[in-house]
Amino acid sequence: MVLTSQQITNFNVFRVRLATSLRKMYDREANPHIRLMLGHVLRNVVLLPIHFREGHYLSANESGVTFGENVKRSFIEESNGMRVPHLESAIRVPSEHLFKGNNLNPAGVMTLLHEYSHIVLPTTAYRYTKRIGLPYHMADELFADLLAVRIANRTSIPKRHIQSHIIRRQANYGGYPFARAVIEGRRTVERELPVPRRQTAPREERPRNFIEIPVKRAEGTPFLPHLRRR
Ligand SMILES: [Zn+2]
């Protein structure tokens, strides 16, 4: 899969801007749970390699079209007689979905934001999912969607593209009115994830099954120079 040099440039510019606005969102976020999640998304944006595939989508069957994937691979590495477990993550997106010509395609960017937002969730996220009546295993998809929409609203993606993404994602939630709740802004995550009342420093919540993910550079992946705090 070969991208044009203009596509690579445009993508890197987009990724730096995205990381910058995520950093701002992270710094300004008062809710410690959301802050933790935004930190994980920022980490994904900076570190995760993107594997581009040819075509407009990754796969299609009777249950729908898959536009993006956040894939994980675990392996054991031997060094100095020690066996070290590793977990590697990468994002797969089809190039003709992410780009329209040399420019980024808003629908593709929504897919990418969703994949970046697949993170290690704090336990509060699972409690929230349960409280609104969704099965436990839907937490990952729900929070990827909620975070992606939240981040997209701070970017220059036209509102209609954000809305059509939300409406398309409704298919995953069965009877739960996900699209209506997100578009009307009801049951916002802020209201559901309680903020500690006292002014004491918030206790760092331990993410579930947290594993440090060493990321290797994948072939053909445009990589960012290290982001520095301004
Ligand atoms: Zn997903």
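Source: prediction; values computed, not measured.

About the thresholds
- In this numbering scheme, every chain counts its residues from 1 along its sequence in written order.
- Since the coordinates come from a predicted model, pLDDT governs what is reported: local features require at least 70, and pairs of side-chain atoms require 80 or more to be given and counted, while whole-chain, interface and lining totals use all residues.
- Comment: elements are numbered from the N terminus, with helices defined as DSSP H or I runs of at least four residues and strands as E runs of at least two.
- As a rule, residues whose C-beta atom has 12 or fewer other C-beta atoms within 10 Å are exposed, those with 20 or more are buried, and those in between are partly exposed; C-beta atoms are placed from the backbone.
- For every residue pair, C-beta atoms are placed from the backbone, and the pair is scored as a contact if these atoms sit within 7 Å.
- Two strands are said to pair when DSSP picks up at least two bridges between them.
- The nonpolar core is taken to be a set of buried Ala, Val, Leu, Ile, Met, Phe, Trp, Tyr and Cys residues joined by way of C-beta atoms within 7 Å.
- Comment: axis = line fitted to C-alpha atoms, over the contacting stretch for helices; angle = value between 0 and 180 degrees taken between N-to-C directions.
- These descriptions rest on fixed angle ranges, namely under 35 degrees for roughly parallel, over 145 for roughly antiparallel, 65 to 115 for roughly perpendicular, and the rest for oblique.
- Should the near helix be turned anticlockwise from the far one by less than a right angle, the crossing is termed left-handed; should it be turned clockwise, right-handed.
- Each residue gets one label: Ala, Val, Leu, Ile, Met, Phe, Trp, Tyr, Cys and Pro are nonpolar, Asp, Glu, Lys and Arg are charged, and the others, such as Gly, are polar.
- Note that the arc is defined by the directions from the helix axis to the C-beta atoms.

**A look at the overall build of the protein**
Here is step 1 of the chain: Helix and strand counts for the protein stand at nine helices and seven strands.
Here is step 2 of the chain: Buried residues in the protein amount to 26% of all 230 residues.
Here is step 3 of the chain: For the protein, the proportion of contacts with a sequence separation of at least 24, taken over those separated by at least 6, is 66%.

**Examining the pairing of strand 1 (residues 50-53)**
Here is step 1 of the chain: Side chains Ile50 and Phe52 of strand 1 all project onto a buried face; the interleaved residues His51 and Arg53 project onto a face where none is buried.
Here is step 2 of the chain: Sheet analysis places strand 1 next to strand 5 (residues 82-94), joined by four bridges and oriented parallel. Note on strand 5: the bridge partner recorded for arginine 53 is proline 94.

**Some points on the nonpolar core**
Here is step 1 of the chain: Residues Met37, Val41, Leu113, Phe143, Leu147 and Ala148 are the most contacted members of the largest nonpolar core, which totals 39 residues.
Here is step 2 of the chain: Of all the elements, helix 6 (residues 139-152) adds the most residues to this core, at nine residues.
Here is step 3 of the chain: For valine 41, the contacting residues outside a window of four places in its chain are Leu22, Tyr116, Ser117, Ile119, Leu147 and Ile151.

**What to know about the packing of helix 1 (residues 5-28) against helix 2 (residues 32-47)**
Each pair of packed helices gets described by two things: the angle between the helix axes and the distance between those axes.
Here is step 1 of the chain: Orientation of helix 1 relative to helix 2, taken along the N-to-C sense of each, is 160°, at an axis distance of 9 Å. For the element pair helix 1 / helix 2, the angle class is roughly antiparallel. Like other packed secondary-structure pairs, helix 1 and helix 2 cross with a definite hand, here left-handed. Where helix 1 abuts helix 2, its residues Arg15, Leu18, Ala19, Leu22, Arg23, Met25 and Tyr26 lie against Arg35, Leu38, Gly39, Val41, Leu42, Val45 and Val46.
Here is step 2 of the chain: Each residue belonging to the contact of helix 1 with helix 2 can be placed in one class, and the counts come to 10 nonpolar, one polar and three charged.

**Points about the environment of glycine 133**
Here is step 1 of the chain: Turning to its location among the elements, glycine 133 is positioned in the loop between helix 5 (123-131) and helix 6.
Here is step 2 of the chain: For glycine 133, a count of 9 C-beta atoms within 10 Å corresponds to the exposed category.
Here is step 3 of the chain: Considering only alpha carbons, one finds glycine 133 and glycine 175, 42 residues apart in sequence, at a separation of 9.7 Å.

**Comments concerning the environment of serine 117**
Here is step 1 of the chain: Looking at the secondary structure, you find serine 117 in the loop between helix 4 (106-116) and helix 5.
Here is step 2 of the chain: The sequence separation of serine 117 and valine 41 amounts to 76 residues, and the corresponding C-alpha distance is 5.3 Å.
Here is step 3 of the chain: Other than its neighbours up to four places away in sequence, serine 117 contacts Val41, Phe143, Ala144, Leu147 and Ala148.

**Some points on the sheet that holds strand 5**
Here is step 1 of the chain: Read across the sheet, three strands follow the order 1-5-4 without closing on themselves; strand pairing throughout is mixed. Looking at the sheet topology across the chains shown, the edges are occupied by strand 1 and strand 4 (69-79). Each strand of the sheet is rotated relative to its neighbour by a mean of 35°, with strand direction disregarded.
Here is step 2 of the chain: In this structure, strand 4 lies alongside strand 5, joined through 11 bridges in antiparallel fashion. Of the residues in strand 5, the one forming a bridge with glutamate 69 is arginine 92.
Here is step 3 of the chain: Packing of helix 4 onto the sheet brings it into contact with strand 4 and strand 5, and relative to strand 5 it is tilted by some 160°.

**Side note on helix 7 (residues 159-169)**
Here is step 1 of the chain: Listed as buried for helix 7 are Ile162, His165, Ile166 and Arg169. Along the axis of helix 7, the buried positions cluster into a sector of 100°, meaning they face one direction only.
Here is step 2 of the chain: The inward-facing, buried residues of helix 7 abut helix 4, helix 6 and helix 8 (178-184).

**Considerations on the packing of helix 4 against helix 6**
Here is step 1 of the chain: Interhelical geometry of helix 4 versus helix 6 gives an angle of 125° and a closest axis separation of 8 Å. When the axis of helix 4 is compared with that of helix 6, the two are oblique. Crossing handedness for the pair helix 4 and helix 6: right-handed. Taken together, the residues of helix 6 that come into contact with helix 4 (itself represented by Met110, Leu113 and His114) are Ala144, Asp145, Ala148, Ile151 and Ala152.
Here is step 2 of the chain: Here the contact of helix 4 with helix 6 is built from residues that sort into six nonpolar, one polar and one charged.

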